[in-house]
Amino acid sequence: MSSSYDKTYRDQSIFSNRNLILAGIGWAVLALLYFLLFSAKVPGADGVESRADWYVFGTNIFEGLAYLGAGVLCLRNWRSPQIISSRNIWLAIAIGMFSYLLGGIVFGYTEIILDEEPDVSYADIFFVLTYISLGVGMILAVASRRLNLEKWQLLVVSAIAVLGSLLAWWISKQQEVNPDPLAAGLNWFYVVSDVVLLIIATTLLLAFWGGRVAQSWRMIAAAAFSLYIADMWFKYAQGPNYQSGEILEVFWVFSGVLFGMGAVLEHEASLSRTRRERGRKRA
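Residues numbered from 1 in each chain as written. Predicted model: local features only at pLDDT ≥ 70, side-chain atom pairs only at ≥ 80, totals over all residues. Heavy atoms only, no water.

**Student:** Sorry if this is basic, but what is going on with the packing of helix α3 (residues 53-79) against helix α4 (residues 87-113) here?
**Tutor:** The relative placement of two packed helices comes down to the angle between their axes together with the axis-to-axis distance. The contact between α3 and α4 brings their axes to 8 Å, and the two run at 160 degrees. One finds that α3 runs roughly antiparallel with respect to α4. In the crossing of α3 with α4, the sense of the turn from one axis to the other is left-handed. (Axes fitted to C-alpha atoms, helices over the stretch in contact; angles between N-to-C directions. Helix = DSSP H or I, 4+ residues; strand = E, 2+ residues; numbered from the N terminus. Parallel < 35°, antiparallel > 145°, perpendicular 65-115°, else oblique. Left-handed = near helix turned anticlockwise from the far one by under 90°.)

Structure representation (structure tokens):
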């Protein structure tokens, strides 16, 4: 009776896992439409083309709420004793999500309110913590499984590593015009971190292939790929006339949404396993 009631309550709750997945998909679609419809630059009174502040502010809202939701959902997994993966994995990813949220708020304030574009800002503190936390969480996820990749899988990981590294190196060399050592050091930290996350994401994608539990880690891998795409575009497009809000920056929103969806799928798989175990005990 209790089990039946709990299942019915979860299915009907507005915050059920099914509704959370639908909300994530809807948020990603809305973000894509927002970027497509309003990202064009318009000439100002001085004849210089730029994007409206309200549009740039809106992109920050889409990103911020995506990472806020992902952080809350990862914390839910961390607090759940039934979660399949190590709870420390989800704690590390949650810290990464909240760090990116705070970094985005600081970056948005600097760009929109202060109208500044410094090479180094307080936002970098949170962005650095984001990459460290995500790296720790994803490495723990890989270490939790006995990896036995086949030769073709190793070739895929190697190919992605080489291509990702070459692209990141080429883009960084194109933009390496600032002699400031701190800015240069941060630039290479982000480049190396992006490539490392890309390699780990590919490994996760192959290691967790197949099975219902693997769905969550396919989402996490896709989130890391989306983060790589947005970061590489940001590095490529940066220049004296750069302004936030380009189309490919929507992948930052996608990344936050996918991290959240991965957390939801892991939570649902954990609940399903618990129900099966209870059913076997009663039998």
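**Student:** What am I meant to see in the pattern of salt bridges here?
**Tutor:** Opposite charge on two side chains makes pairing possible when the charged atoms of those side chains draw close. Counted by the stated rule, this structure contains one salt bridge. Linking E246 and R51 is a salt bridge whose minimum nitrogen-to-oxygen distance equals 3.0 Å. Taken together, the positions of E246 in the loop between α8 (214-237) and α9 (250-282) and R51 in the loop between β2 (49-50) and α3 put the pair 195 residues apart, joining distant regions of the chain. (Salt bridge = Lys/Arg side-chain N within 4 Å of Asp/Glu carboxyl O.)

**Student:** Would you explain unusual backbone geometry in this entry?
**Tutor:** Trans peptide bonds make up the majority, and among non-glycine residues the majority have a negative phi. Although it is not a glycine, D115 sits at a positive phi angle of roughly 55 degrees. Topologically, D115 is positioned in the loop between α4 and α5 (123-143). The exposed category is assigned to D115, whose relative accessible area is 66%. (Buried < 20%, exposed > 50% of the residue type's maximum accessible area, 1.4 Å probe, protein only.)

**Student:** What am I meant to see in the packing of aromatic side chains here?
**Tutor:** The way to describe two aromatic rings as a pair is by their centre distance and the angle between their planes. Per the stated rule, a full pass over the model turns up 19 aromatic pairs. For the pair F35 and Y55, a centre-to-centre distance of 6.1 Å together with 75 degrees between the ring planes defines the contact as edge-to-face. Of this pair, F35 sits in helix α2 (residues 17-38) while Y55 sits in helix α3, placing them 20 residues apart in sequence. Given the relative accessible area of 0%, F35 is considered buried. When its relative accessible area of 1% is taken as the criterion, Y55 is described as buried. Between F251 and F254 the ring centres are 5.3 Å apart and the planes differ by 75 degrees, which places this aromatic pair in the edge-to-face class. On the criterion of helical spacing, the pair formed by F251 and F254 is a turn pair, its members being three residues apart in helix α9. Judged by its relative accessible area of 22%, F251 falls in the partly exposed class. Each residue in the set W27, Y34, F35, F38, W54, Y55 and F62 is aromatic and connected to the rest through ring pairs, giving one cluster. (Phe/Tyr/Trp six-rings, centres within 6.5 Å; stacked < 30°, edge-to-face > 60°.)

**Student:** Explain the nonpolar core here, please?
**Tutor:** Generally speaking, soluble globular proteins have nonpolar side chains that are buried together. With 57 residues, the main nonpolar core has W90, I93, M138, L204, W217, L227 and F259 as its most contacted residues. Elements represented by at least two residues in this core include exactly α2, α3, α4, α5, α7 (181-207), α8 and α9. Ranked by the residues each element gives to this core, the list is headed by α9, at 10 residues. In contact with L204, not counting residues within four places along its chain, are M138, A141, V142, W217 and I220. Formed by seven residues, the second largest nonpolar core is a distinct cluster that contains V191, L198, Y228 and M232. (Core = buried A, V, L, I, M, F, W, Y, C linked by side-chain atoms within 4.5 Å. Contact = heavy atoms within 4.5 Å.)

**Student:** Quick question: what am I supposed to make of the environment of L227 here?
**Tutor:** By secondary structure assignment, the location of L227 is in helix α8. Setting aside chain neighbours within four positions, we find L227 in contact with Y67, Y100, Y131, L134, D194, L197, W252 and S255.

**Student:** For this particular structure, what's the right way to read the packing of α5 against α7?
**Tutor:** At a minimum axis distance of 10 Å, the contact between α5 and α7 shows a crossing angle of 25 degrees. Between α5 and α7, the crossing angle belongs to the class labelled roughly parallel. In this structure, α5 crosses over α7, and the sense of that crossing is left-handed. Contacts between α5 and α7 pair D124, F127, V128, Y131, I132, L134, G135, M138, I139, A141 and V142 from the former with L186, F189, Y190, S193, D194, L197, I200, A201, T203 and L204 from the latter.

**Student:** I keep staring at the side chain of E249 and nothing clicks. Help me out?
**Tutor:** Mapped onto the fold, E249 is located in the loop between α8 and α9. R51 is the oppositely charged side chain nearest to the buried, salt-bridge-free E249, at an N-O distance of 6.5 Å. A distance of 2.9 Å separates a polar side-chain atom of E249 from the backbone nitrogen of G245. In this structure, E249 is in contact with F35, E63, W233, F234, Y242 and S244, ignoring residues within four places of it in sequence. (Lys, Arg positive; Asp, Glu negative; His and termini not counted. Polar contact = N/O pair within 3.5 Å; in protein donor to acceptor, adjacent residues only side chain to side chain.)

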